[in-house]
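Remarks on the overall topology
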Amino acid sequence: MQFQVMFKKELLENWRNFKWIWVPIVFIILAIMDPITTYYLPRILETVGGLPEGAVFSIPMPSPAEAVGMSYAQIGSIGVLIVAVISMGTIAGEIRSGVYEMILSKPVSYANYIMSKFSAYSLIILLSLIVSMIASWYYVSLLFGDIAFSTVIVSAVFYTFYLLFILSITVVLNTLLKSPGLVAFLTIIIVIALNIITDIFSHVLTWSPLMVSNHTLAFLYDGSLTSELIGSVSLAIIFTALLLVVATMILQRRAFD
Amino acid sequence: MSLITVDNLTKTYDKKDVVDHISFTLESGKCVALLGPNGAGKTTTLRMLAGFIKATEGTISFDEDELTKDFRKFVGYLPQFPVFHRWMSGFEFLVYVGQLADLSKKEAEERADELLELVNLKDFKKMRIGKYSGGMKQRLGIAQALIHRPKLIMLDEPVSALDPIGRREILNLMRELKKDATILFSTHILNDAEEVSDEIILLNNGKVIEKGNINDIHSEQETVTIHIAFSEDPKFVMERLKEIESVFQVTNERGEYQVSVHQLLIARKQLLDLFQKENWPLTKFEVAKTSLEDFFIKAVNK
């Protein structure tokens, strides 16, 4: 009951500050940008010119699966940044402004407070990713050839868990820091650091939540559900849940000055 | 009947006791002012009572035994600087916090309408809070504190930041609320405490230095000083003044006589009678304002 009330408030807030509109749009742009420019690149170069007479070059056309992979590459970098930016002030901003004190003076459970925020942003991220991948699928089928719609959508669902894991890192930082900007900055730093660690030890850390993106691409290429994909998605879910519990505990114990 | 008993409540920040072993009880139905200069620990005390921060030491017990786990259910709290979701309307915010305090949506809406009427914001029901003025926000803050019909209403500096009109409105509102709730409010303005409260708790440096019924404190302060000056000092003026029975001390400072008296009404009559009879050239006769102000300063400097 209380969760629903707070969840609805988050949805309404994100509607009034237009996050429900701009986040999906930006995701769509990210998803279709690379496949489209890649497709038109030879023609663009031809029109712009500047190449020496008789120069011949051939850019190999990517396969449809590779083209969809380009969408994920963009979302994996700039999309992650957007996840951090949209959620950076969700708790930290409320603590800083003082609204937090007003809300928490009512008998509100800390878990509901955290969960309502996490759920509301999860929904935006899931929706944005799904619509952007539908857009990607549409253009890729149009320009590069057929790829199964279901494969693309299932890959997007897997990928969502990767983004939710990042969202949970932002939520924890939200409970620790007062500055939204710092929350976003540190989230990015942590994701980069985790990526480097995962890359270095990639042979041991095949189930790392950060490997979800790699395994999703593999799924896209051959459509097989590997144990690595299932494993890393499961770990991503477990870590997300743990981080949310940690965030709740931090908020409960935090002494406010 | 006591509503809350606070025993040895302490809050320590960086090894400094911001609130230092304070104890008091709040009687049900009373309006109590938590009085003290800035930095005395008023806000910290209120925030602990609101269940918002945990005490380092000491206990707070409400009389409803089985409910003591979460005070927030029967405490309505107005922070010193109330901040709202700016994108909500006043009505939406009240319904929202009402639901957070376990009212059904319908109950919360009815209560929100009632309260907007009470705090005189009915016409701004649908306006975004971002457009509210300071005084309107303060009134909305009081409304949100009352939404779940709390047993105890705690207001942190409810009038300090307001202009005289806003201040008057809030004080009148508090007088209304006093009829059927217990109020604890903090202030550093003595007048406000005198105007609406039945009791005061005087805090300084985190300690309670005085508490009690406001009338008792007044009567302790019943000695009054009268400043008197003449265009030309009459003969034996000191002696003559001291002869009056209600006068117990006369001093002369810069040509002015400071006459301390016990009972103002009687003393004033006796003094004026004397001046008239003797035809002394009186130029100044002023009853100094001794009120809680002096008491406050004395107590704080102790």
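Note that the coordinates shown come from a computational prediction; the quantities given were computed from them, not determined experimentally.

Some points on the overall build of chain A
Of the regular secondary structure elements, chain A holds ten helices and zero strands. Taken from the N to the C terminus, the helices and strands of chain A come in the order α-α-α-α-α-α-α-α-α-α. Reported as C-alpha extents along the three principal axes, the dimensions of chain A are approximately 75 × 40 × 30 Å. Counting across all 257 residues of chain A, residues that qualify as buried make up 49%. Long-range contacts, defined as pairs at least 24 residues apart, comprise 80% of the intrachain contacts of chain A with a sequence gap of at least 6. Accessible surface, chain A: about 11,600 Å² in total, of which carbon and sulfur atoms supply 71%. One finds the centroid of the 11 positive side-chain charges in chain A at a distance of 21 Å from the centroid of its 13 negative side-chain charges.

So, the sheet that holds strand 2 (residues 16–27) of chain B
Residues and elements named next belong to chain B. Taken in spatial order, the three strands of this open sheet run 2-1-4, and their pairing is antiparallel. A strand with exactly one partner marks an edge of an open sheet, and here the two such strands are strand 2 and strand 4 (57–62). Pairwise comparison of adjacent strand axes, ignoring direction, gives a mean angle of 10° for this sheet. With eight bridges connecting them, strand 1 (residues 2–13) and strand 2 associate as antiparallel partners. Within the sheet, the bridge partner assigned to Thr12 lies in strand 2 and is Asp17. Strand contacts of helix 1 (residues 42–49): strand 1, strand 2 and strand 4, with the helix running at about 120° to strand 1, the strand carrying the most contacts.

Structural notes on the domain arrangement of chain B
Here chain B is partitioned into domain 1 (2–218) and domain 2 (221–301). Using C-alpha coordinates to define each centre, domain 1 of chain B is positioned 42 Å away from domain 2 of chain B.

A few points about the interface of chain A and chain B
Counting residues at the interface gives 24 residues for chain A and 30 residues for chain B. Here chain A meets chain B over a buried area of about 2,700 Å², counting both sides, of which 63% is carbon and sulfur. For Glu101 of chain A, the salt bridge is made with Arg47 of chain B, and the minimal N-O distance between the two is 3.1 Å. Seen at the junction of chain A and chain B, the total is eleven residue pairs in polar contact (both at pLDDT 80 or more).

Points about the pairing of strand 1 of chain B
All names here are of chain B. Here strand 1 folds back onto strand 2, and the loop between the two strands holds two residues, one of which, Asp14, carries a positive phi near 45°. In this structure, strand 1 lies alongside strand 4, joined through five bridges in antiparallel fashion. Residue pairing in the sheet places Val6 in a bridge with Ile60 of strand 4.

Describing the sheet that holds strand 11 (residues 247–253) of chain B
Residue and element names in this part refer to chain B. Judged by pairing direction, the sheet is antiparallel, and its four strands sit side by side in the order 11-12-10-13 without closing on themselves. The sheet terminates laterally at strand 11 and strand 13 (282–287), the two strands that pair on one side only. Averaged over all pairs of adjacent strands, the angle between strand axes in this sheet comes to 20°, irrespective of strand direction. Bridging between strand 10 (residues 224–230) and strand 13 involves five bridges; their strand directions are antiparallel.

A word on helix 9 (residues 264–278) of chain B
Residue and element names in this part refer to chain B. Over its 15 residues, helix 9 runs 21 Å from end to end, which matches the ideal 21 Å to within 8%, given 1.5 Å per residue. Among the residues of helix 9, those classed as buried are Ala267, Leu271, Leu274 and Phe275. Buried residues along helix 9 cover an arc of 95° about the axis, so they all sit on one side. Seen from the open side of helix 9, the exposed residues pointing more than 90 degrees away from its buried face are Leu265, Lys269, Gln276 and Lys277. For helix 9, the secondary structure elements touched by its buried residues are strand 10, helix 8 (237–243), strand 12 (256–261) and strand 13. Downstream of helix 9 by a residue or two, Asn279 has a phi angle that is positive, lying close to 60°.

Some remarks on the pairing of strand 9 (residues 207–213) of chain B
Residue and element names in this part refer to chain B. Bridge analysis of strand 8 (residues 199–204) against strand 9 gives six bridges, and the strand direction is antiparallel. Considered in strand 9, the bridge of Ile201 is made with Lys211. As consecutive antiparallel partners, strand 8 and strand 9 are separated by two residues, and within that stretch Asn205 has a phi angle of approximately 50°, a positive value.

Notes on the pattern of salt bridges
Proximity of charged atoms lets side chains of opposite charge pair with each other. Evaluation of the coordinates by the stated rule reveals 26 salt bridges over all chains. Between Lys9 of chain A and Glu13 of chain A there is a salt bridge whose closest N-O contact spans 3.0 Å. Here Lys9 of chain A pairs with Glu13 of chain A, and both are found in helix 1 (residues 2–16), just four residues apart, close to one helical turn. Each member of the pair Lys9 of chain A and Glu13 of chain A is classed as buried. Where Glu114 of chain B meets Arg111 of chain B, a salt bridge forms, and the shortest distance between an N and an O atom there is 2.8 Å. Placement of both Glu114 of chain B and Arg111 of chain B in helix 3 (residues 105–118) is noted, with a separation of three residues, approximately one turn of the helix. Given a relative accessible area of 41%, Glu114 of chain B falls into the partly exposed group. Shared partners join several salt bridges into a network, and the residues in it are Lys9, Glu10, Glu13, Glu94 and Lys117 of chain A.

A closer look at the nonpolar core
Core analysis: the largest hydrophobic core is formed by 142 residues, its most contacted members being Ile103 and Leu163 of chain A. In terms of residues, this core owes the most to one element, helix 7 (residues 149–176) of chain A, which gives 14 residues. Setting aside anything within four residues of it in sequence, one finds Ile103 of chain A in contact with Met6 and Val108 of chain A together with His85, Phe93, Tyr96, Val97 and Leu100 of chain B. The next biggest cluster of nonpolar side chains, apart from the first, holds 17 residues, and it includes Ile228, Val237, Ile244 and Phe275 of chain B.

Observations concerning the packing of aromatic side chains
The final tally for this structure, using the stated rule, is 17 aromatic pairs over all chains. Between Tyr39 of chain A and Phe144 of chain A, the ring centres sit 5.8 Å apart and the planes meet at 80°, which makes this aromatic pair edge-to-face. Of this pair, Tyr39 of chain A sits in helix 2 (residues 19–48) while Phe144 of chain A sits in the loop between helix 6 (110–143) and helix 7; the two residues are 105 residues apart in sequence, bridging distant segments of the chain. Using a relative accessible area of 26% as the deciding quantity, one classes Tyr39 of chain A as partly exposed. Residue class for Phe144 of chain A comes out buried when judged on its relative accessible area of 13%. Of note, Lys125 of chain B hangs over the ring of Phe91 of chain B, and the distance from its end group to the ring centre comes to 4.5 Å.

What counts and how
Residues numbered from 1 in each chain as written. Chains lettered and ligands numbered in written order. Predicted model: local features only at pLDDT ≥ 70, side-chain atom pairs only at ≥ 80, totals over all residues. Heavy atoms only, no water. Helix = DSSP H or I, 4+ residues; strand = E, 2+ residues; numbered from the N terminus. Buried < 20%, exposed > 50% of the residue type's maximum accessible area, 1.4 Å probe, protein only. Contact = heavy atoms within 4.5 Å. Areas by Shrake-Rupley, 256 points an atom, 1.4 Å probe, with all protein chains shown as cover. Lys, Arg positive; Asp, Glu negative; His and termini not counted. Charge placed at Lys NZ, Arg CZ, Asp CG, Glu CD. Pairing = 2+ DSSP bridges. Axes fitted to C-alpha atoms, helices over the stretch in contact; angles between N-to-C directions. Domains from an automatic or database assignment. Buried area = accessible area lost by both parts, 1.4 Å probe. Salt bridge = Lys/Arg side-chain N within 4 Å of Asp/Glu carboxyl O. Polar contact = N/O pair within 3.5 Å; in protein donor to acceptor, adjacent residues only side chain to side chain. Expected span 1.5 Å × (residues − 1). Arc of directions from axis to C-beta. Core = buried A, V, L, I, M, F, W, Y, C linked by side-chain atoms within 4.5 Å. Phe/Tyr/Trp six-rings, centres within 6.5 Å; stacked < 30°, edge-to-face > 60°. Lys NZ or Arg CZ within 6 Å of the ring centre and 35° of its normal.

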